[in-house]
Amino acid sequence: MKPVASYGIVNADTSGPGAFLRAAKWYWDELTDMFSAAGFSSVMIPMVPNTENVSRNGAPICTASIRTRFGSLAGYLEYLNDKDIENVECIGVSGQAMYNSLFETGLPIERFYEGFYEYAMDAAQALKDLKGSTLLVSPTPGKGFLLQEFAGDEEKIRNFEKESAQCLNKIAQDCEKLGVNVAFRNEFWTTMRGTGVDEYIKLLSDKVSFALDPAHLYMAEADYSEYFRKYAKQSKVVCFTDTKYVDTDKAYETISPEFPQSGASQRIYWDLGFGDIDFTSLFETLKTSGFEGPVILEPKYSLDIPKGILRMRTFWNRLEKEYAAKEAR
């Protein structure tokens, strides 16, 4: 298995503390140096659609911003290699990021998946240029947004979900020509949340794999260990995320599911190894299933970025050491 450090450790979407720093290229230069110093040779980048505003950003969060800062994808790869990062193993694209961009692009909801396909294929081509393997797709916006968009009409939401599956199949078909794998993830606020993933998979071709993500299964009250045992053999990529969050107030149906406004806890993500997920058993399941793909280490929105990166390395080292010791017995 290959540990991959995710740029998702930083929240690049909000205007909270440090927003101006996150818009500066030097901030991401330093972050990349930290990944390398912690021994990571591959990274994952969550990307948003190209728009006029984000294209001017110093963060590598869309293909246009990368070209603006580095001249080309090849120029960016050369920059990464100089910092001892071999490649961008995965790029993530998100239905929620697509939805957030609609106010700027003016694209109507009826053409959502037309735009989403273009966004995904732009990222897939970038992934090929950056010598990566897997496009990680979250195919729908959050359910709370869709409840507003479709005035609570569940049938329209289900049809929208079916359209997302058709789009995902088309993306996978065209990514195969590029030599890029396609995997989808189901955050706890999406329409196929938790156990809903089983029905959604029936709509997909065998060119699309399911990216297991324990924190989001846990938050949707699904047995994440069972899902790892069930789907590990088909997975092309796995996401390691950690949490303690229990969604007692149906935050998944609101428009701020990652930042709940009520309940006993408003914190969703924890640094790896500091939440309630049993990663030791998950690591063993992946090993016994023969999984050899990338494992995205993603302590999303860490409250201390340098410490979070060091914790990622310590977390992975311990998993490998514990498994090796068990095998030796």
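Residue numbers restart at each chain and count upward from 1, following the sequence in its written direction. At least 70 in pLDDT is required for a residue's local features to be given in this predicted model, at least 80 for side-chain atom pairs to be given and counted, and no such filter applies to totals for whole chains, interfaces and linings, which use all residues. Calculated side-chain values reflect all of the structure's heavy atoms, with hydrogen atoms and water omitted.

J.: Break down the overall build of the chain for me, citing the residues and quoting the values.
T.: Each helix is a run of DSSP H or I of at least 4 residues and each strand a run of E of at least 2, with the numbering of both proceeding from the N terminus. Counting secondary structure elements, the chain contains 14 helices and 10 strands. All radius of gyration figures rest on C-alpha atoms, and the globule criterion is 2.2 Å times the number of residues raised to 0.38. A compact globule built from 329 residues would reach a C-alpha radius of gyration of about 20 Å, and the chain, at 19 Å, matches this within 12%. Taken over the C-alpha atoms alone, the chain extends approximately 55 × 45 × 45 Å along its principal axes. Using a 1.4 Å probe on the protein chains alone, a residue whose accessible area is under 20% of its type maximum counts as buried, one over 50% counts as exposed, and one in between counts as partly exposed. Taking all 329 residues of the chain together, the buried fraction comes to 59%. When contacts within the chain are restricted to residue pairs at least 6 apart in sequence, long-range pairs at least 24 apart make up 77% of them. Surface accessibility of the chain: about 14,300 Å² in total, with carbon and sulfur atoms responsible for 49%. Of the side-chain charges in the chain, 36 are positive and 47 negative, and the distance between the mean point of each set is 3 Å. Residue contacts follow a heavy-atom distance rule, with two residues in contact if any of their heavy atoms lie within 4.5 Å. Here, Shrake-Rupley sampling with a 1.4 Å probe gives the accessible areas, and only protein chains in the shown set may cover a residue. This count recognises Lys and Arg as positive and Asp and Glu as negative, with His and chain-terminal groups excluded. Every charge is mapped to an atom, namely NZ of Lys, CZ of Arg, CG of Asp or CD of Glu.

J.: Any chance you could break down the nonpolar core for me, citing the residues and the numbers?
T.: The biggest cluster of nonpolar side chains holds 98 residues, and the ones touching the most others in it are Phe-35, Phe-116, Leu-135, Ile-171 and Phe-240. Core analysis: the second largest hydrophobic core is formed by 11 residues, Phe-188, Ala-215, Ala-251 and Tyr-301 among them. Residues grouped as a nonpolar core are buried Ala, Val, Leu, Ile, Met, Phe, Trp, Tyr and Cys residues, joined through side-chain atoms within 4.5 Å.

J.: Help me get a handle on the packing of helix α13 (residues 279-288) against helix α14 (residues 305-328), residues and values and all.
T.: When two helices pack together, their arrangement is given by the angle between the helix axes and by the axis-to-axis distance. Here an axis means a line fitted to C-alpha atoms, over the contact stretch when the element is a helix, while the angle between two N-to-C directions is reported on a 0 to 180 degree scale. Axis separation between α13 and α14 bottoms out at 10 Å; the angle between their running directions is 65°. Pair α13 / α14 crosses with right-handed handedness. On the side of α13, the interface is formed by Phe-279, Thr-280, Phe-283, Glu-284 and Lys-287, while α14 contributes Phe-315, Trp-316, Leu-319, Glu-320, Glu-322, Tyr-323 and Lys-326. Residue classes follow a fixed rule: Ala, Val, Leu, Ile, Met, Phe, Trp, Tyr, Cys and Pro count as nonpolar, while Asp, Glu, Lys and Arg count as charged, and any other residue, Gly among them, counts as polar. Considered class by class, the residues forming the contact of α13 with α14 number 6 nonpolar, 1 polar and 5 charged. In this scheme the crossing of two helices becomes right-handed for a clockwise turn of the near helix relative to the far one and left-handed for an anticlockwise turn of less than a right angle.

J.: I'd like a rundown of the state of the cysteines, residues and numbers included.
T.: When two cysteine sulfur atoms are found within 2.5 Å, that pair is recorded as a disulfide. On inspection of all chains with the given rule, the structure shows 0 disulfides. Just so you know, Cys-62 is unpaired, no disulfide at all, and the nearest cysteine sulfur is the one on Cys-175, 18 Å from it. Given a relative accessible area of 0%, Cys-62 falls into the buried group. Free of any disulfide, Cys-167 has its nearest cysteine sulfur in Cys-175, 10 Å distant. For Cys-167, a relative accessible area of 7% puts it in the buried group.

J.: Quick rundown of the sheet that holds strand β1 (residues 2-6)? Include the residues and the values.
T.: Any two strands are treated as partners once DSSP identifies two or more bridges connecting them. With parallel pairing, the 8 strands of this open sheet are ordered in space as β6-β5-β4-β3-β2-β1-β10-β7. Bordering the open sheet on either side are β6 (208-210) and β7 (238-240), each of which pairs with just one other strand. Taking the axes of each pair of neighbouring strands and ignoring which way they run, one obtains an average angle of 30° across the sheet. Note that strand β2 (residues 42-46) and strand β3 (residues 87-94) share 5 bridges and pair parallel.

J.: Can you lay out the environment of Leu-80 for me, pointing to particular residues and giving the numbers?
T.: In this fold, Leu-80 is placed in helix α5 (residues 73-82). In sequence terms Leu-80 and Met-98 are 18 residues apart; their C-alpha atoms lie 27 Å from each other. Apart from residues no more than four positions distant in its own chain, Leu-80 is found in contact with Tyr-7, Thr-32, Ile-85 and Val-88.

J.: So, a negative patch on the surface: which residues are in play, and what are the values?
T.: Negative charge collects at one region of the surface, where Glu-78, Asp-82, Asp-84 and Glu-86 lie side by side. One can find Glu-78 in helix α5. Assessed through its relative accessible area of 59%, Glu-78 is described here as exposed. Excluding any residue in a salt bridge, patches collect residues exceeding 30% relative accessible area, merging like charges within 9 Å and nonpolar Val, Leu, Ile, Met, Phe, Trp and Tyr side chains within 5 Å. Salt bridges, as used here, are contacts in which a Lys or Arg side-chain nitrogen is within 4 Å of a carboxyl oxygen on Asp or Glu.

J.: Which residues make up helix α6 (residues 95-105), and what are the values?
T.: Listed as buried for α6 are Gly-95, Gln-96, Ala-97, Met-98, Tyr-99, Ser-101 and Leu-102. At its buried positions, α6 is contacted by β3, α7 (112-129), β4 (134-138) and α8 (143-149). Between N or O atoms, a polar contact is any pair within 3.5 Å; within protein, one atom must be a potential hydrogen donor and the other a potential acceptor, and residues adjacent in sequence are included only when both atoms are from side chains. Regarding α6, its N-cap is Ser-94, as a side-chain oxygen of that residue lies 3.0 Å from the backbone nitrogen of Gln-96 further along. Immediately downstream of α6, the backbone of Gly-106 shows phi near 75°, a positive value.

J.: Could you give me a rundown of the packing of aromatic side chains, with the residues and numbers involved?
T.: For this analysis, a ring pair means two rings from Phe, Tyr or Trp (six-membered ring only for Trp) whose centres lie within 6.5 Å, classed as stacked if their planes differ by under 30 degrees, edge-to-face if by over 60, and tilted for the remaining angles. Counted by the stated rule, this structure contains 30 aromatic pairs. Residues Tyr-27 and Trp-28 carry aromatic rings whose centres are separated by 5.6 Å and whose planes lie at 70° to one another, so their mutual orientation is edge-to-face. The exposure class assigned to Trp-28 is buried, which follows from its relative accessible area of 4%. Consider the rings of Phe-240 and Phe-315, whose centres lie 6.2 Å apart with planes at 80°: the pair is edge-to-face. Placement of the pair is Phe-240 in strand β7 and Phe-315 in helix α14, with a sequence separation of 75 residues. The residues Phe-240 and Phe-315 share a single accessibility class, namely buried. Here the aromatic cluster, defined as three or more aromatic residues joined through ring pairs, consists of Phe-112, Tyr-113, Phe-116, Tyr-119, Phe-150 and Phe-160. In this scheme, Lys NZ or Arg CZ marks a charge over a ring once it lies within 6 Å of the ring centre and within 35 degrees of the ring normal. The lysine or arginine in question, Arg-313, covers the ring of Phe-40, its NZ or CZ lying 4.4 Å from the ring centre.

J.: Can you lay out the side chain of Arg-313 for me, pointing to particular residues and giving the numbers?
T.: In this structure, Arg-313 sits in helix α14. When near neighbours in sequence (up to four residues on either side) are disregarded, Arg-313 contacts Ala-38, Gly-39 and Phe-40.

J.: I'd love a proper account of the pattern of salt bridges, names of residues and values included.
T.: Applying the stated criterion across every chain yields a total of 14 salt bridges. A salt bridge links Glu-298 to Arg-185, with the shortest nitrogen-to-oxygen separation between them at 3.1 Å. On the criterion of sequence distance, the pair formed by Glu-298 in the loop between β10 (294-297) and α14 and Arg-185 in the loop between β5 (181-184) and α10 (197-201) is long-range, its members being 113 residues apart. Comparing Glu-298 with Arg-185 shows no difference in burial state: the two are buried. Here Lys-326 ties to Glu-284 by a salt bridge, and the two come within 2.7 Å at their closest N and O atoms. One end of the pair, Lys-326, is in helix α14; the other, Glu-284, is in helix α13, with 42 residues separating them in the sequence. A relative accessible area of 40% means that Lys-326 is categorised as partly exposed. Overlapping salt bridges bring together Arg-185, Asp-213 and Glu-298 as one network.

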